[in-house]
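Residue-level structural notes
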Number of protein chains: 2
Amino acid sequence: MAEKPTILVTNDDGFHAPGIHALVAAMKEIGQVIVLAPDKPQSGMGHAITINDPIRLQQVDVFGDVEAYACSGTPVDCVKLAKDKILHHKPDLCVSGINHGSNSSINIIYSGTMSAAMEAAIEGIPAIGFSLLDYAHDADFRPSAHYASQIARQVLENGLPDNTLLNVNIPALPVQEIRGMRICRQAVAKWEEEYDERNDPRGHRYFWLTGKFVNYDQGDDTDEWALDNGYVSVVPVQFDLTAHHAISFFQKNWDLHQTHPESHSGRSVKDLG
Amino acid sequence: MAEKPTILVTNDDGFHAPGIHALVAAMKEIGQVIVLAPDKPQSGMGHAITINDPIRLQQVDVFGDVEAYACSGTPVDCVKLAKDKILHHKPDLCVSGINHGSNSSINIIYSGTMSAAMEAAIEGIPAIGFSLLDYAHDADFRPSAHYASQIARQVLENGLPDNTLLNVNIPALPVQEIRGMRICRQAVAKWEEEYDERNDPRGHRYFWLTGKFVNYDQGDDTDEWALDNGYVSVVPVQFDLTAHHAISFFQKNWDLHQTHPESHSGRSVKDLG
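Remember, predicted model here, so these are calculated numbers, not experimental data.

1. Description of the overall build of chain A
Tallying secondary structure elements over chain A gives eight helices and 13 strands in all. Residues classed as buried in chain A amount to 52% of the 273 residues present. Partitioning the contacts of chain A with sequence separation of at least 6, the portion at a separation of at least 24 is 75%.

In structure tokens, the structure reads:
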């Protein structure tokens with residue numbers, strides 16, 4: 001790449017979050033950076049898009065000499081708008097994060113950080129989401145920024161397989177204790193919810209989502225294993241959700257030719273009689 | 001199954017939408033139905049969850065003798081709450097829809113309907129999302145309800161492969177013109193966005209999301225093909241997003257053992273020198 005690559009930076013914690021500032025600083029060493037991030041925290045937004053409301057965009061001056069916009073929409077809206085209204089072309093790379101908290105294993109499904117990266121990948125833009133396993137207010141994003149820089153360079157140099165993005169999680173360790181990177185699969189894990197039930201001052205019931213993350217996976221090739229053992233986990237992710245391995249089950253076990261008794265085609269109840 | 005199966009019904013169009021009423025009527029013929037659905041439309045919410053706000057739940061009396069609740073949260077919140085606070089156990093089946101509009105191919109990623117079904121599947125509940133390719137206000141949900149009933153019976157009878165749910169889309173055709181069902185893969189397609197740019201009365205710019213759905217896939221094994229040819233499309237869906245086929249690419253092409261120069265382990269810059 002002769003010219004500096006264009007790098008779109010977004011996140012789901014909002015443009016004030018320290019994680020995106022660490023990521024912008026790391027990406028400035030590699031390319032021409034542009035920021036389009038939510039104007040407020042959007043954690044847990046998954047792949048939500050704003051259909052029924054207008055979206056606002058405001059240029060902000062909080063990243064030094066980097067062109068930056070705050071967006072009233074979701075992380076996915078940010079990527080769509082950046083491409084259509086700000087860049088007017090595909091950037092060479094889209095990076096999302098650095099998220100304040102884990103997006104490993106099943107968390108990818110709920111994550112605005114990862115959904116922004118996935119939206120970029122759907123658009124054919126090489127994309128990476130970064131998350132740090134640290135919820136502390138004063139979390140140290142420097143080790144994450146170091147690995148974000150390394151991984152972004154490898155993606156710009158070697159490309160990504162078609163229709164693939166990366167989910168990168170970084171353990172909450174001092175940089176000298178991180179043992180390197182592992183290419184992993186998504187661990188089989190889930191959240192066990194317990195809603196905290198309360199009554200408001202008018203006596204009406206409401207609920208807060210709480211829960212416990214449970215890893216059911218004993219494999220040493222998962223992101224959970226890597227993170228537990230001091231590695232940065234790198235999961236290649238796809239957005240073809242087809243369970244290809246299950247197609248034959250249905251073709252074998254299901255009666256697919258049943259139609260409505262009044263149907264003009266296929267096998268009707270009459271034909272069976 | 002000796003006793004009547006318990007069927008949880010939800011959607012993303014809200015409990016007033018005609019699609020969920022058609023689905024409840026169809027499921028009442030098969031099992032013991034309970035409804036927990038959003039109290040307002042939640043289209044495009046993807047897999048969003050409510051983390052930073054309390055959630056309200058209110059019993060509503062709009063489905064005849066069927067126990068039903070309206071929820072202030074997202075479609076995914078509805079499934080989580082139903083299991084934890086209303087049913088206190090896993091239902092035998094969760095059905096979501098019938099959505100007013102397509103959730104075929106890439107639309108699954110943005111769809112609240114499908115995310116509710118996916119959340120149930122993550123919980124180990126057999127789950128199906130239903131969508132009708134008709135945006136008309138007076139869309140006829142009867143053909144969809146007929147196929148929803150058939151498919152729900154097949155799932156209760158034959159089960160689903162582990163960690164698999166179903167994305168069912170129904171063409172907007174009279175029931176006698178529907179040619180049966182096809183087991184499909186998700187077509188390679190995407191939305192090409194064009195934001196509609198306007199100014200508000202105070203002269204401030206805002207955007208509306210608009211766009212065109214483009215199918216890039218010529219295969220006759222896709223959901224788009226099935227729907228275009230008068231079939232109900234049934235896509236088995238998974239929530240392991242790992243691009244397993246891409247793992248070897250990274251293991252071959254990437255230098256994974258690079259650590260920070262100050263690292264205690266792995267291959268450091270010093271070792272290379």
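2. Observations regarding the nonpolar core
Counting residues in each nonpolar core, the largest one holds 160 residues, and the members touching the most others are Leu23(A), Val95(A), Ile128(A), Leu23(B), Val95(B) and Ile128(B). In contact with Val95(A), other than residues within four places in its own chain, are Ile7(A), Val9(A), Leu23(A), Met27(A), Ile128(A), Phe130(A), Ala148(A) and Ala152(A).

3. Some thoughts on the pairing of strand E4 (residues 67–71) of chain A
Residues and elements named next belong to chain A. Along E4, four of the five residues are buried, which leaves the element largely enclosed by surrounding structure. The pairing of strand E2 (residues 32–38) with E4 spans five bridges and is classified as parallel. Bridged to Val 35 within E4 is Ala 68. In terms of strand pairing, strand E3 (residues 57–60) meets E4 through four bridges, oriented antiparallel. When the bridges of E4 are listed, Leu 57 appears paired with Cys 71. Hairpin connection, E3 to E4: the antiparallel pair is bridged by six residues, and Gly 64 has positive phi, about 60 degrees.

4. Some points on the environment of Glu177(B)
Residue and element names in this part refer to chain B. Summarising the element assignment, Glu 177 is placed in the loop between strand E7 (164–170) and strand E8 (181–183). Take Glu 177: there are 15 C-beta atoms within 10 Å of it, and that puts it in the partly exposed class. Measuring from C-alpha to C-alpha, the distance between Glu 177 and Pro 143 comes to 9.8 Å, with 34 residues separating the pair along the chain.

5. Observations concerning the sheet that holds strand E7 (residues 164–170) of chain A
All names here are of chain A. Spatially, the nine strands line up as an open sheet ordered E3-E4-E2-E1-E5-E6-E7-E13-E8, and their pairing is mixed. In this open sheet, the two edge strands, each paired with only one partner strand, are E3 and strand E8 (181–183). In this sheet, adjacent strand axes meet at a mean angle of 25 degrees when their direction is disregarded. In this structure, E8 lies alongside strand E13 (residues 232–238), joined through three bridges in parallel fashion. From the neighbouring strand, Arg 182 faces E13, where its bridge partner is Ser 233.

6. Notes on the sheet that holds strand E6 (residues 127–132) of chain B
Residues and elements named next belong to chain B. The strand order across the open sheet formed by nine strands is E3-E4-E2-E1-E5-E6-E7-E13-E8, and the pairing between neighbours is mixed. Each edge of the open sheet carries a strand with a single partner, namely strand E3 (57–60) and E8. Within the sheet, the average angular offset between the axes of one strand and its neighbour, ignoring direction, is 25 degrees. Here E7 pairs with strand E13 (residues 232–238) via six bridges, running antiparallel. Bridging from a neighbouring strand, Leu 166 pairs with Pro 236 of E13.

7. Considerations on helix H1 (residues 18–28) of chain A
All names here are of chain A. Of all 11 residues in H1, eight are buried, a share of seventy percent or more. The complete set of buried residues in H1 reads Gly 19, Ile 20, His 21, Ala 22, Leu 23, Val 24, Ala 26 and Met 27. The inward-facing, buried residues of H1 contact strand E1 (6–10), E2, strand E5 (93–100), strand E6 (127–132) and helix H5 (142–158).

8. So, the interface of chain B and chain A
Taken together, the 76 residues of chain B in the interface contact 76 residues of chain A. For the side of chain B that touches chain A, the class distribution of residues is 36 nonpolar, 27 polar and 13 charged.

9. Let's talk about the relation of the copies chain B and chain A
Laying chain B over chain A is done by rotating through 180 degrees and shifting 0.0 Å along the axis; what remains is an RMSD of 0.0 Å. Here the two chains are linked by the operation of a two-fold rotation axis. Most of the interface of chain B is mirrored in chain A, where 100% of its interface residues again form contacts.

10. A word on unusual backbone geometry
All names here are of chain A. A cis geometry characterises the amide bond from Gly 97 onward to Ile 98, with omega recorded as -5 degrees. When you line up the elements, Ile 98 lands in strand E5. With a phi angle near 40 degrees, Ser 105 is a residue other than glycine that sits in the positive phi range. Relative to the elements of secondary structure, Ser 105 occurs in the loop between E5 and helix H3 (107–110).

Definitions and limits used
- Residues numbered from 1 in each chain as written.
- Chains lettered and ligands numbered in written order.
- Predicted model: local features only at pLDDT ≥ 70, side-chain atom pairs only at ≥ 80, totals over all residues.
- Helix = DSSP H or I, 4+ residues; strand = E, 2+ residues; numbered from the N terminus.
- Buried ≥ 20, exposed ≤ 12 C-beta atoms within 10 Å, placed from the backbone.
- Contact = placed C-beta atoms within 7 Å.
- Core = buried A, V, L, I, M, F, W, Y, C linked by C-beta atoms within 7 Å.
- Pairing = 2+ DSSP bridges.
- Axes fitted to C-alpha atoms, helices over the stretch in contact; angles between N-to-C directions.
- Nonpolar A, V, L, I, M, F, W, Y, C, P; charged D, E, K, R; others polar.
- Least-squares fit on C-alpha atoms with pLDDT ≥ 70 in both.

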